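Each chain is listed here by its residues.
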Amino acid sequence: MKKIQIIEDDAALRRELRILLEGEGYAVVETEDYENLAAEIMKSEADLILLDINLPGINGEELLRRFRKEKQTPVIMLTSRTSETDEVLSMSYGADDYITKPYNPTILLLRIAAVFRRMNLTGNVLSWGGLSVHPAKGIISNGEKEIVLTKNEMIIFEVLYAKAGQIVSRDELMTALWDNEEYVNDNALTVNISRLRNKLAELGCDGAVETRKKQGYILWNSENM
Amino acid sequence: MEFGKYVKDRHTEIIFGAVAFAIILLLLLAFHTPPALIIMVMAVFLIFMVAAFLWDYNRKRGFYQQLKENLNDLDKKNLAAEIISEPDFYEGKILHATLYEMGKSMTEQISKAEQSVTDFKDYVEMWVHEAKLPVAALLLKNFNRGNDGMNNGMSYGDDIGNDDAESDQIKKQLMKLDAYTEQILYFTRSEVAEKDFLIKQASLAKIFGSVAARMREELQDNQFDIRVSGLDVQVMTDSKWMEFVLTQLISNSIKYGAEDRERVLEVFAEEKDQQVQLHVRDNGIGISEADLPRIFEKSFTGENGRRREKSTGMGLYIARNLCRKLGHGISAQSVQGEYTEFIITFSLNDYYRP
């Protein structure tokens, strides 16, 4: 289970974030000592850190800058500051993403998943069942046959893959597509999903994507197939 | 300083002089002074009178002329007295001292006013950041509640049960609240003299992307078809400010969509003559010809604003001010009943181009 540390001094927000992340299957590491954040963050053993900018006694950007000198744990800045300067500073200090409050929870989860996916790519290949998937190249193959996925199909596949075995709602798929500058409508989403299904079937994975009526879709784990 | 007006202004002295001249002449005549002496005395009298008169005119003219020129040339008229040398005549000294004091007090007041605007802006910035926290917490809580429902096997997705409808409403209201707080933030940012933006290279696709992702539900609830093209262009701008501007334009497109046809939002960019033009075009109800020239005015609501949803008339005003500060052009075209198109023009040959 991936561990995520939340560094956010607003207690209400922290509590809700925790519920959100735990609901998604992450383990949440709470930050105990907000007085000595600089020391606290250095000890962090989380797989990812969500870091606020307006923190008591220290600026999150400064904290990030010091942290980056020693550790490479991915950091997503979560902030209510909406100025270009803050974003540029955060990114130049080595933030992996920058999300402004109030955030769309689905987008937040997708961005977290995207950071983990980037970390996990071994040689840019995802493996799923007997298939290997190259998200960057848009190629999926079963060793004998290669099939090209469109950008939309690949985005959908990646979201389903990240939550394999769980229901993914149409809303989540839609959010992921729009977050990747693909402004598809409802019909187009249906078409994209059925194309993805057909392509998977061509590689011998019939029924890999199951429709749950009025709930969404499930990509079955390779073991369950 | 005109000579004629100066003479007219000093007519009492001239009259006194003339009377003195006449009395002396009569006295000299009465005492049977020789004519040659009379002519000499009167000539000396006249020459010195005129000389004194001209000398006075000349020194005053130098001072007032400079003052007038300063006043014409200066952008900030209250500083006119600061850059003039003190005159050597008494009235001028009084005037100079007065102007100097007035200018100083004016400058003090201006800087006080500017300071208080800046303080207010800082306060608004802080306030908005604080206000976003409870909004963010509520949005999350609302989302978490919905998810709870799903885990318990309750309705979810397309099947909108009461719970979902309610959580949807809560979300929309919270998003509205957030939009209002953003508006006041950008309003104060656009009113303050100090430079509060960061111009750097930014991709239009990315800017529109984050606006669209944030407005997705609103756009899809209103059945918008989004067509983008040519957005892979880099422009020099502050992307956060631009996102706010685009949000204003798009929320107008949503507000003023036409009921009788499929809604389309086209966003495209073209590069020409050292400029990039970003077009945001909808096929909504459009703007009447009478209203079109005034849509960027403060508090202007127009026909559409009155008839449809209530409008504050601030969105486009702020958008235009932000564009001005960033050095971009913004304009609108529309045919009532057909379309509205906003065009934002980014200069490519700006001095800060990379």
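Residues numbered from 1 in each chain as written. Chains lettered and ligands numbered in written order. Predicted model: local features only at pLDDT ≥ 70, side-chain atom pairs only at ≥ 80, totals over all residues. Heavy atoms only, no water.

Here's the deal with the overall build of chain A
Move 1: Scanning chain A for helices and strands turns up 8 helices and 13 strands.
Move 2: Taking the principal axes of its C-alpha atoms as reference, chain A extends roughly 60 × 35 × 30 Å.
Move 3: Out of the 225 residues belonging to chain A, those deemed buried represent 52%.
Move 4: For chain A, long-range pairs separated by at least 24 residues make up 58% of all intrachain contacts whose partners lie at least 6 apart in sequence.
Move 5: Accessible area of chain A: about 9,800 Å², with a carbon and sulfur share of 46%. (Helix = DSSP H or I, 4+ residues; strand = E, 2+ residues; numbered from the N terminus. Buried < 20%, exposed > 50% of the residue type's maximum accessible area, 1.4 Å probe, protein only. Contact = heavy atoms within 4.5 Å. Areas by Shrake-Rupley, 256 points an atom, 1.4 Å probe, with all protein chains shown as cover.)

Some points on the overall build of chain B
Move 1: Within chain B, the regular secondary structure consists of 9 helices and 7 strands.
Move 2: In terms of overall dimensions, chain B is more spread out than a globule: its C-alpha atoms have a radius of gyration of 36 Å, far above the 20 Å expected for 354 residues.
Move 3: Over its C-alpha atoms, taken along the principal directions, chain B stretches across nearly 135 × 45 × 40 Å.
Move 4: Residues counted as buried form 42% of the 354 residues belonging to chain B.
Move 5: Pairs at least 24 residues apart make up 72% of the contacts formed inside chain B by residues separated by at least 6 positions.
Move 6: Approximately 20,400 Å² of chain B is accessible, and the part contributed by carbon and sulfur atoms is 57%.
Move 7: In chain B, which carries 42 positive and 53 negative side-chain charges, the distance between the mean positions of the two groups comes to 4 Å. (Rg over C-alpha atoms; globule rule 2.2 N^0.38 Å. Lys, Arg positive; Asp, Glu negative; His and termini not counted. Charge placed at Lys NZ, Arg CZ, Asp CG, Glu CD.)

Concerning the interface of chain A and chain B
Move 1: Each side of the interface is counted separately: chain A has 36 residues, and chain B has 39 residues.
Move 2: Both faces combined, the contact of chain A with chain B buries some 3,400 Å², and carbon together with sulfur accounts for 60% of it.
Move 3: For the pair chain A and chain B, the interface holds 4 salt bridges.
Move 4: Here B:Lys240 ties to A:Glu87 by a salt bridge, and the two come within 2.2 Å at their closest N and O atoms.
Move 5: Our count for the contact surface shared by chain A and chain B stands at 8 residue pairs in polar contact (both at pLDDT 80 or more).
Move 6: Elements represented by at least two residues in the side of chain A that touches chain B include exactly helix H1 (11–23), helix H4 (84–92), helix H5 (105–120) and helix H7 (170–179) of chain A.
Move 7: Residue composition of the side of chain A that touches chain B, by class: 14 nonpolar, 11 polar and 11 charged. (Buried area = accessible area lost by both parts, 1.4 Å probe. Salt bridge = Lys/Arg side-chain N within 4 Å of Asp/Glu carboxyl O. Polar contact = N/O pair within 3.5 Å; in protein donor to acceptor, adjacent residues only side chain to side chain. Nonpolar A, V, L, I, M, F, W, Y, C, P; charged D, E, K, R; others polar.)

Looking at the sheet that holds strand E6 (residues 75–79) of chain A
Residues and elements named next belong to chain A.
Move 1: Taken in spatial order, the 5 strands make up an open sheet running E2-E1-E3-E6-E7, and their pairing is parallel. Edge positions in the open sheet fall to strand E2 (27–30) and strand E7 (97–100), since each of these has one partner strand only. Neighbour-to-neighbour, the strand axes of this sheet turn through a mean angle of 25°, independent of strand direction.
Move 2: In terms of strand pairing, strand E1 (residues 3–7) meets strand E3 (residues 48–52) through 4 bridges, oriented parallel. The residue bridging Ile 4 from the neighbouring strand is Leu 48, located in E3. (Pairing = 2+ DSSP bridges. Axes fitted to C-alpha atoms, helices over the stretch in contact; angles between N-to-C directions.)

Quick notes on the domain arrangement of chain B
Move 1: Entries for chain B in the domain assignment read domain 1 (3–106) and domain 2 (197–354).
Move 2: Computed from C-alpha coordinates alone, the two centres of domain 1 of chain B and domain 2 of chain B are separated by 63 Å. (Domains from an automatic or database assignment.)

Quick notes on the pattern of salt bridges
Residues and elements named next belong to chain B.
Move 1: The tally for this structure, following the rule as stated, stands at 46 salt bridges over all chains.
Move 2: The partner of Asp 56 in a salt bridge is Lys 60, and the shortest N-O contact between them spans 3.4 Å. Taken together, the residues span about one helical turn, with Asp 56 and Lys 60 both in helix H3 (residues 35–73) at a distance of 4 residues.
Move 3: Residue Asp 221 is joined to Lys 172 by a salt bridge in which the shortest nitrogen-to-oxygen separation is 3.1 Å. Of this pair, Asp 221 sits in helix H6 (residues 204–221) while Lys 172 is found in helix H5 (residues 162–191), placing the two residues 49 residues apart along the sequence.
Move 4: On the basis of relative accessibility, which here comes to 42%, the residue Lys 172 falls in the partly exposed class.
Move 5: Residues participating in the shared-partner salt-bridge network are Arg 10, Glu 13, Asp 56, Arg 59, Lys 60 and Glu 91.

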